[in-house]
Amino acid sequence: MLSQKMLELGTNRSVIRDLFEYAKERKAEIGEDKVFDFSIGNPSVPAPACVHQAVEELIREGDPVLLHGYTSAQGDAGLRQAIADYVNGQHGTALTADHFYITVGAAASLSITLKALAEEGDEFITFAPFFPEYRVFVENTGSKLVVVNSDPKDFQIDQRAFEAGITEHTKGVILNSPNNPSGVVISEEGIREMCGILEKKQKEYGHPIFLITDEPYRELVYGGVKVPYLMNYYDNTIVCYSYSKSLSLPGERIGYIAVSDRAVQWKQIYAAVCGAGRALGYVCAPSLFQQVVKRCQGVTSDVSVYERNRDILYNALTEYGYRCIKPDGAFYLFVEALEKDAGAFSERAKEYELLVVPADSFGTPGFVRISYCVSTEQIENSLPAFRALAESYGR
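Here is what the cut-offs are and how they apply
Residues numbered from 1 in each chain as written. Predicted model: local features only at pLDDT ≥ 70, side-chain atom pairs only at ≥ 80, totals over all residues. Heavy atoms only, no water. Pairing = 2+ DSSP bridges. Helix = DSSP H or I, 4+ residues; strand = E, 2+ residues; numbered from the N terminus. Axes fitted to C-alpha atoms, helices over the stretch in contact; angles between N-to-C directions. Contact = heavy atoms within 4.5 Å. Buried < 20%, exposed > 50% of the residue type's maximum accessible area, 1.4 Å probe, protein only. Core = buried A, V, L, I, M, F, W, Y, C linked by side-chain atoms within 4.5 Å. Expected span 1.5 Å × (residues − 1). Arc of directions from axis to C-beta. Salt bridge = Lys/Arg side-chain N within 4 Å of Asp/Glu carboxyl O. Phe/Tyr/Trp six-rings, centres within 6.5 Å; stacked < 30°, edge-to-face > 60°. Lys NZ or Arg CZ within 6 Å of the ring centre and 35° of its normal.

## Digging into the sheet that holds strand β5 (residues 170-176)
Taken together, seven strands build an open sheet; the order of strands is β2-β8-β7-β6-β5-β3-β4 and the sheet is mixed. Strand pairing shows two members of the sheet lacking a second neighbour, β2 (100-103) and β4 (144-149), which therefore form its edges. Each neighbouring strand pair of the sheet contributes to a mean axis angle of 20°, computed without reference to strand direction. Bridge count between β2 and strand β8 (residues 255-259): four bridges; the pairing is antiparallel. Its bridge partner being in β8, Phe100 is matched across the sheet by Ala258. Each of β2, β6 (210-214), β7 (237-242) and β8 is contacted by helix α10 (residues 266-280), which is oriented at about 20° to β2, the strand it contacts most.

And the structure:
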């Protein structure tokens, strides 16, 4: 009567969402200031003034079609050209409006891209740790997700393991840098080596292998760290982007797909993206926020708040005896649990009103993710609880 797979997805929420809902219940019971919720990547930094100004001006202008009407299925042509101009200026590419498809956030970007590429028997590689919904998105196309473990010392790409994971069935590789959940930025050296392996394997198997780069955290980097733009390193690249983090707009669901102009048969790829958007019902992203982001190209929220939160949390936790992977980007701290079972560690943390996400579903057992996109006050107030939790393990 029903799709059992969809029933399973609908009745078993992700561990992140479970903790998020638990946090709301717990806050209602004992007060928001007593619960230290680090479960979800929900930006706490306000959207920049550009966003508020754009919304006010657009509403004041009062053009109902511009505000609330349909755009072209692939998005407003003016916005797509504005994005192309910005990306070209930043990265030296030669893209046009016809390389961009406007989406309802990064989840839609990935779902559409995978649907456009996937054929029966295909495999898509990603690197652990990885955002758990990748598995859902890939398997929904009938393809298989192949997980390659990263170097456990620093979570950079383990190139030998990566090369060993590629087969004749590999259609694409999903790369997320800065990474959710580790905050690691893949080095330029690592990118070059990965792309060299892909070039070799394309020739060996006689078909394209696409690099799908998931980039909602591109602008959230610290200390001058460079995030390589993958189109400049590998021709068969498709970029999936979202403004959720850069403009603090996760609830507005606005992003895009960019197909490299140097990809093999890029026009056909773009047409398949349009077809996949149609098949999935992901057409005409919210028109108001298409116009908003058109006016806010190159603007970001105040990243310095996240950097301050990172430094406070990382310095304190390492002092308390936790092993932490120091993030160069995003707003997550990846911490080794103080026992082998990260789920049990997460449950014990609840006794101290600390809500951290066990990373088993991220492909990295024994770690937890801490989302530090919260108020600095919450970070500071949580430190005694983190200390007490460590002490409960004899640290």
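## A closer look at unusual backbone geometry
The omega angle of the peptide bond from Ala128 to Pro129 is 5°, so this bond is cis rather than trans. Looking at where Pro129 falls in the secondary structure, it is placed in the loop between β3 (123-128) and α7 (133-139). At the junction of Ser177 and Pro178, the peptide bond is cis and its omega measures out at -5° in the coordinates. One can find Pro178 in the loop between β5 and α9 (188-205). Phi at Phe155 is positive, roughly 60°, even though this residue is not glycine.

## Some thoughts on the side chain of Thr113
In this structure, Thr113 sits in helix α6 (residues 105-117). By relative accessible area, Thr113 is classed as buried at 1%. Those residues in contact with Thr113, other than ones at most four positions away along the chain, are Ile212, Ile238, Cys240 and Ile257.

## A word on the nonpolar core
Counting 40 residues, the largest nonpolar core has Leu317, Tyr322 and Phe386 as the members making the most contacts within it. At the level of secondary structure, the elements contributing two or more residues to this core comprise α12 (303-320), β10 (332-336), α13 (342-350), β13 (367-371) and α14 (376-392). Per-element tally for this core: the top contributor is α12, with eight residues. What Phe386 contacts, discounting residues up to four positions off in sequence, is Phe38, Leu313, Leu317, Tyr320, Tyr322, Leu354, Val356 and Ile370.

## Thoughts on α10
The end-to-end C-alpha separation of α10 is 21 Å, in line with the 21 Å expected for 15 residues at 1.5 Å each. Taken together, the buried positions of α10 are occupied by Trp266, Ile269, Tyr270, Val273, Ala276 and Gly277. Down the axis of α10, the buried side of the element spans an arc of 115°, and every buried residue falls inside it. Seen from the buried face of α10, the exposed residues on the opposite side, beyond 90 degrees, are Lys267, Arg278 and Ala279. Here the buried face of α10 lies against α5 (77-91), β2, α6, β6, β7 and β8. Of the residues flanking the end of α10, it is Gly281, one or two places downstream, whose phi is positive at about 80°.

## Considerations on the pattern of salt bridges
Within this structure, the stated rule accounts for 24 salt bridges. Linking Arg192 and Glu188 is a salt bridge whose minimum nitrogen-to-oxygen distance equals 3.2 Å. Here the residue Arg192 and the residue Glu188 both occupy positions in helix α9, the gap between them amounting to four residues, near one helical turn. Taking relative accessible area as the criterion, Arg192 reaches 51% and is therefore assigned exposed. On the accessibility criterion, Glu188 (29% relative accessible area) is partly exposed. Close ionic contact of Glu188 with Lys226 constitutes a salt bridge, the shortest N to O distance being 3.6 Å. In this pair, Glu188 sits in helix α9 while Lys226 sits in the loop between β6 and β7, placing the two residues 38 residues apart along the sequence.

## Here we look at the packing of aromatic side chains
We describe a pair of aromatic rings using the distance from one ring centre to the other and the angle between the two ring planes. Taken as a whole and assessed by the stated rule, the structure comprises 17 aromatic pairs. A ring pair is formed by Phe131 and Tyr134, whose centres lie 6.1 Å apart and whose planes are at 85°; its orientation type is edge-to-face. Among the aromatic residues, ring-to-ring pairing joins Phe100, Tyr241, Tyr243 and Tyr256 into one connected group. Lying across the ring of Tyr393, Arg348 places its NZ or CZ 3.9 Å from the centre.

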